[in-house]
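So the chains spell out like this:
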Amino acid sequence: MSSVIKNRYVVEKNNERQIIIGMCVDTDFLNGIQKIYDPSLFTLNYVRIVAGWCNDYFAKYNKAPGKDIKAIFESHKPDLRSQENIDSIDVFLTSLNESYIDDEKFNHEFELDKALKYFKEQSINNLLEKAKAHIIAGDILGAEAAIGNFKRVEKITGQRVDIFNDIDEAINALKKD
């Protein structure tokens, strides 16, 4: 493995680790990441798995799992097919010690900006890989379609209002403009 590829893997691993730490321990971060989250932008399988658990927990309890992530892992462990994923999650959760769980100094805004940048890079890398695969296969139209269908990863800044089910919010939103 060349040193450039090895260094890139280390950077990706560190970025994904920081994102998943935020998803596990910080409700504001987890809430913010919901708007830009796409599991295909993670390269590490165990990160995709833990991120899914965090999102499910947030959908149900409207907060980050914190210390509950260890119990969530134990409850899902029998369903995990890959021993590599089990070991990776176990190592990650062991390293996610009390200082992360109880740390109120987690700068969720800074970490969200870093996550957004990482997701943008990953999204572009995924696009390039798809386009290149089509080109190698001689499918130029497929490459063009992949490029044409590309959706940018963007931080959504406004709040959405369901105008059909929340009339008061819709009226308030229109009054603000």
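All values reported here derive from a predicted model rather than from experimental measurement.

Peer 1: Just give me the short version of the nonpolar core, but keep the residues and values in it.
Peer 2: Ranked by internal contacts, the top residues of the largest apolar core, which has 40 residues, are Met23 and Ile33. Those elements that provide at least two residues to this core are helix H1 (3-25), helix H2 (27-33), helix H3 (45-61), helix H4 (68-76), helix H5 (83-95) and helix H7 (108-136). Here this core gets nine residues from one element, more than from any other, and that element is H3. The contact partners of methionine 23, leaving out residues within four places of it in the chain, are Phe29, Leu30, Ile33, Tyr37, Ala51, Cys54, Asn55, Ala64 and Pro65.

Peer 1: Account for the packing of aromatic side chains, naming residues and giving values.
Peer 2: Evaluated as defined, the whole model comprises six aromatic pairs. Relative to phenylalanine 42, the ring of tyrosine 37 lies with its centre 6.0 Å away and its plane at 50°, an arrangement referred to as tilted. Neither tyrosine 37 nor phenylalanine 42 differs from the other in exposure class; each is buried. Between phenylalanine 42 and phenylalanine 119 the ring centres are 5.5 Å apart and the planes differ by 75°, which places this aromatic pair in the edge-to-face class. Residue phenylalanine 42 is found in the loop between H2 and H3, and its partner phenylalanine 119 is found in helix H7; the two are separated by 77 residues along the sequence. The exposure classification of phenylalanine 42 matches that of phenylalanine 119, with both residues buried. An aromatic cluster of at least three residues, connected via ring pairs, comprises Tyr37, Phe42, Tyr118 and Phe119.

Conventions and cut-offs
- Residues numbered from 1 in each chain as written.
- Predicted model: local features only at pLDDT ≥ 70, side-chain atom pairs only at ≥ 80, totals over all residues.
- Heavy atoms only, no water.
- Core = buried A, V, L, I, M, F, W, Y, C linked by side-chain atoms within 4.5 Å.
- Buried < 20%, exposed > 50% of the residue type's maximum accessible area, 1.4 Å probe, protein only.
- Helix = DSSP H or I, 4+ residues; strand = E, 2+ residues; numbered from the N terminus.
- Contact = heavy atoms within 4.5 Å.
- Phe/Tyr/Trp six-rings, centres within 6.5 Å; stacked < 30°, edge-to-face > 60°.

Any functional reading would require information that these geometric values do not contain.
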